[in-house]
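Survey of secondary and tertiary structure
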Amino acid sequence: MNSETVVTVICGVAIVVGVAGTVIPVLPGSILIGLSLLVWALWGGAGTTGWVVFGIGLVFVLAGMAAGAVLTGRKLKQHSIPGRSVLAGLVLGVAGMFVLPVVGLFVGFAAGLLLSELWRTRAVRKALASSWAALKATGLGIIAEFGLACLAASTWLIGLWVAAAT
């Protein structure tokens, strides 16, 4: 096995982890995909194909990161949900990872969001409605980033086939 093959395998694994990281916040996500594409372009032995794949893949990665942030932010602003509620959700989500393995992050995030909104609105129905809107907004951002990360990974796979064929 030569060094280019090793780099290709490592980059492939890192891209898979990156795609999973767009959905599982504990893992690195889109940034890992972009770095993996760069490493493959530099040391993967694909030549020009590697740089074309890096350019196209990076566009997908950056679009996914931007779309996730913009879609989530816009929806949160529409529903007047303050950043501190999201921050409370993140803090309890991280704590939840240690209390309930696997699902603790999601349960903790939802609980922290609900508690913060309950504190802010002082009304259970309003807190439930705004928390649900925040969860949907977060989910929409995750889906957008995940979809574009999958496109970046697909670009790499196509580039891999093209490089192998030439």
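The preceding data block contains the structure.
The shown structure was predicted, so the numbers you read here are calculated from the model rather than taken from an experiment.

The next point concerns helix 4 (residues 83–99). Three or four residues apart is the spacing at which side chains of an α-helix point the same way, because the helix has 3.6 residues per turn. For helix 4, built from 17 residues, the straight-helix expectation of 24 Å at 1.5 Å per residue is met to within 8% by its first-to-last C-alpha distance of 24 Å. Among all positions of helix 4, only Ser85, Val86, Gly89, Gly93 and Gly96 are buried. Taken around the axis of helix 4, the buried residues stretch over an arc of 90°, which confines them to a single face. Facing away from the buried side of helix 4, by more than 90 degrees, are the exposed residues Gly83, Leu87, Val91 and Phe98.

Here we come to the layout of surface pockets. In this structure, the largest pocket occupies an estimated 630 Å³ of space. Along its surface, the largest pocket is lined by 26 residues, and Thr22, Pro25, Leu90, Thr138 and Ile142 are the ones closest to its centre. Of all the elements in the fold, those that place two or more residues in the lining of the largest pocket are helix 3 (48–78), helix 4, helix 5 (104–121) and helix 6 (124–165). By residue number, the principal contributor to the lining of the largest pocket is helix 6, which donates six residues. Classifying every residue of the lining of the largest pocket gives 17 nonpolar, eight polar and one charged.

Definitions and cut-offs
Residues numbered from 1 in each chain as written. Predicted model: local features only at pLDDT ≥ 70, side-chain atom pairs only at ≥ 80, totals over all residues. Heavy atoms only, no water. Helix = DSSP H or I, 4+ residues; strand = E, 2+ residues; numbered from the N terminus. Expected span 1.5 Å × (residues − 1). Buried < 20%, exposed > 50% of the residue type's maximum accessible area, 1.4 Å probe, protein only. Arc of directions from axis to C-beta. 1 Å grid on protein atoms, 1.4 Å probe; cavity = no way out; pocket = protein on both sides within 12 Å on 5 of 7 lines; lining within 4 Å. Points joined across faces, edges and corners; volume = space filled by probe spheres on them. Nonpolar A, V, L, I, M, F, W, Y, C, P; charged D, E, K, R; others polar.

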